[in-house]
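Read off the chains here:
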Amino acid sequence: MDPSMYNAAMKGNMEDGDFSLADHLKKEEENGYQVTPNGNTILHVATLSGQREFVAEVLKITPALLCYKNKKNETALHIAANVGQSEVVNELLSIEGREDGNNNETLVRMTDDIGDTALHKAVRSGHLDIVRMLLKLLVDPQLDFPANKAGETPLYLAAESGFHDALIEILKLCQEPTTYVAAPSNRTPLHAAIIQEHTECARSLWQWNKPLCEEPDQWGWNSLHYAVKQGLIQIVSDMLGWKKSLAYVPAGHGENDWTTAFHIAASEGDVGMIIVLLDHCPDCWDMQNSRGQNALHVAILNNHEGLVMALLFEYYGICDSLVDEPDNDGNTPLHLLAAYGNHVPPLISSHPRAKKMSFNKQNQTPLDIALSRTWTVKKEKLVGDLCSINGRLGQRDFKVKRITETSGKIKRIREEDDQDKAKRDAIEIEKIMKAAEIQLVVATLLMTVTFAAGFTLPGGLDSELGPNKGMAVLLRKTAFRAFVVSDVIAFACSAGAIFVYFFMADSDVDIEEDDDKENQMAGFAFLRRLYYIAGTLQLLAMAAVVVAFVTGLYATLAHSIGLAVSVCVIGCVSFFMYFWIIMCL
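As named in an unreviewed UniProt entry, the protein is PGG domain-containing protein, taken from Datura stramonium. Here is the UniProt Subcellular location (unreviewed entry) comment for the protein, exactly as written: "Membrane".

So, in structure tokens, the structure goes:
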């Protein structure tokens, strides 16, 4: 494109020196239109810059440019709708009496390379005023709201982006509710609004066309299923209030891969959603998924202990049969708990149905599965929990053989794990000793500072002759006395911590070389106890130092109460920081 023409279009100059818009356009009609590398004509460029008067003059001279497309098949209307140039859109739609016979309805239905109309562009970019201008020219929703090549209609885009005002404007023209099966993944606009958690759009769409919530996507999930997954309790309640049977519609396709709304809520651990589902459909807890699993199976698989407790406590007598219900592989929730869980919740271990012997299709009890796992402290706790349920080990051999074999297996596994445990203990001892070295330096510094503060008292000493000569000037002030006491406490605690660190350095704890396991454990426990004692003393010393600092300053600044209180408050910030860190941990 000629630079003078491009600059004129960008700036809106129709006459500029030797440049004349009319002359250029007349020459272009004879020799072809000049375009930018992207195929934009002078009309496209002026539209992008929002030069309304320039656009009007171009169309007055050369109306054919109105429907001219660039390399992306975009008209000037596409560009104006996309960038939000509402005045230019109004100008483009006001041109009448075109020689090419096209009207405004034809213009707004023109599509670009991806199938977007100007309305698609306006909705996607969030320009409500342009959406309203374009909708005034549309009368047939079936023709005027086509899907682009991605299957997106303007209504779908409004729902997915949460553009509620535009969605309402579009719904006003759609007198008869229609189903949208061409959308991405065969989803309806209601799917899109719920997945993105745009509750206002979802509520408006559902009220406009309630059967939309029954339409499945390509994976067989309807809008209710997604609402349950997203935790949209009010929307789920409204849908079930309209049609309770929605709670029993499976989510998924095929015989081997489907679930239910109740299972979806269980997989999310959403107790509130479980309550809503049971309030509308009290018997939906009894449903199973394609694997024959109930909601308790699913809750355990997803490690939602709170939901497990809710199912067995709040709904005891209704959902209690879930405890010993087997799935397609014969696994009860206890089997899954043994395979994946860290421990058995008390309500399960005390549940009467958990006390009966349960075998899966591999002839295994929950304890068998637990024993087959790699031995850890968590596994040991899990095995103990399972043994405490019925007092038996749960294998089908004779009792004596059962106890002997299992005890031998546990003993063998523990022996194999001893070496690893010894290495872990050695590493922990090394960490403790390194930390003690650093803390010893800190304790020494605290002791030095508090020792110096004891002989450099705030306010100084009385130098005048008399019985009080050499005594502290501020001796009678309560704040000064608090300073002295806290300084002594800090000194004593620091000294105590240093002594403990000396004991730690002198202690002889060697986990790897000591063959006596009792001595190993006793030595390690003693070292750790010393470390905790020293750490506690050091914390007390640090706290006492802070108190000594603020009380000493308060005693010397007592003549200015505002300044003294401010200093005390600022000095105590360290306490708030300490408790804040503790809460975060």
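From this point, the discussion proceeds with the structure in view.
Is there a simple way to explain the overall build of the protein in this structure?
From N to C terminus, the protein includes 29 helices and four strands. The buried share of the protein, reckoned over its 585 residues, is 43%. When contacts within the protein are restricted to residue pairs at least 6 apart in sequence, long-range pairs at least 24 apart make up 70% of them.

Just checking my understanding: could you explain helix α11 (residues 154-161) for this structure?
For an α-helix, 3.6 residues make a turn, and residues three or four places apart therefore share a direction. Extensive coverage of α11 is indicated by the burial of six of its eight residues. When α11 is considered as a whole, its buried residues turn out to be P154, L155, Y156, L157, A158 and A159. Where α11 is buried, its residues touch α8 (118-125), α12 (164-173), α13 (189-195) and α14 (199-208).

Would you explain the packing of aromatic side chains in this entry?
How two aromatic rings sit relative to each other is set out by the distance from centre to centre and by the angle between their planes. Within this structure, the stated rule accounts for five aromatic pairs. On the numbers, 5.2 Å between centres and 45° between planes, the contact of W221 with Y226 is tilted. Residues W221 and Y226 agree in their burial class; the two are buried. Between the aromatic rings of Y531 and Y532, the centroid separation amounts to 6.2 Å while the plane-to-plane angle is 50°, which identifies the pairing as tilted. Between K210 and the ring centre of W206, over which it is positioned, the NZ or CZ distance is 4.8 Å.

I keep staring at the pattern of salt bridges and nothing clicks. Help me out?
Proximity of charged atoms lets side chains of opposite charge pair with each other. Counting across every chain of the model gives 10 salt bridges. With a shortest N-O distance of 3.1 Å, R52 and E91 are connected by a salt bridge. Taken together, the positions of R52 in helix α4 (residues 52-61) and E91 in helix α6 (residues 86-92) put the pair 39 residues apart, joining distant regions of the chain. Residue classification places R52 among the partly exposed residues on the basis of a relative accessible area of 31%. The class of E91 is buried, set by a relative accessible area of 13%. Measuring nitrogen to oxygen at the nearest pair gives 2.8 Å for the salt bridge that ties K229 to E268. Of this pair, K229 sits in helix α15 (residues 223-230) while E268 sits in helix α17 (residues 261-268), and the two are 39 residues apart along the sequence. By relative accessible area, K229 is classed as partly exposed at 36%. Connected through shared salt-bridge partners, E74, D112 and K121 make up one network.

Sorry if this is basic, but what is going on with helix α1 (residues 3-11) here?
Within α1, the full set of buried residues consists of M5, A8 and A9. The buried side chains of α1 occupy one side of the element, clustering within an arc of 100° when seen end-on. Those residues of α1 that are exposed and aimed more than 90 degrees away from the buried face are P3 and K11. In the segment just after α1, G12 is the residue with positive phi, at about 80°.

Please clarify how the state of the cysteines should be interpreted in this entry.
Two cysteines joined by a covalent bond between their sulfur atoms form a disulfide. This structure, assessed with the given rule, holds zero disulfides. Unpaired in this structure, C281 has its nearest cysteine sulfur neighbour in C284, at a distance of 5.4 Å. Owing to a relative accessible area of 1%, C281 belongs among the buried residues under this scheme.

How each quantity is defined
What you see as residue numbers is a count from 1 along each chain, following the sequence as written. In keeping with the predicted nature of the model, local features appear solely for residues at pLDDT of at least 70, side-chain atom pairs appear and are counted solely at 80 or more, and the whole-chain, interface and lining totals rest on all residues. Note that water and hydrogens are dropped before the side-chain values are worked out from all heavy atoms of the structure. UniProt positions are given in the numbering used here, feature names are shortened, and annotations may be inferred rather than shown by experiment. Under the DSSP-based scheme used, a helix requires at least four consecutive residues in state H or I and a strand at least two consecutive residues in state E, with every element numbered from the N terminus. Only protein chains enter the accessibility calculation, which uses a 1.4 Å probe. A residue is then buried if its area is under 20% of the maximum for its type, exposed if over 50%, and partly exposed in between. Note on contacts: a residue pair qualifies if any of its non-hydrogen atoms lie within 4.5 Å across the two residues. When two rings of Phe, Tyr or Trp (its six-membered ring) have centres within 6.5 Å they constitute a pair, described as stacked for plane angles under 30 degrees, edge-to-face for angles over 60, and tilted for the intermediate range. Cation placement over rings: the criterion is NZ of Lys or CZ of Arg within 6 Å of the ring centroid and within 35° of the ring normal. Throughout this description, the term salt bridge denotes a Lys or Arg side-chain nitrogen within 4 Å of a carboxyl oxygen of Asp or Glu. The arc in question is the one spanned by the directions pointing from the helix axis to the C-beta atoms. Note on terminology: pairs of cysteine sulfur atoms within 2.5 Å are recorded as disulfides.

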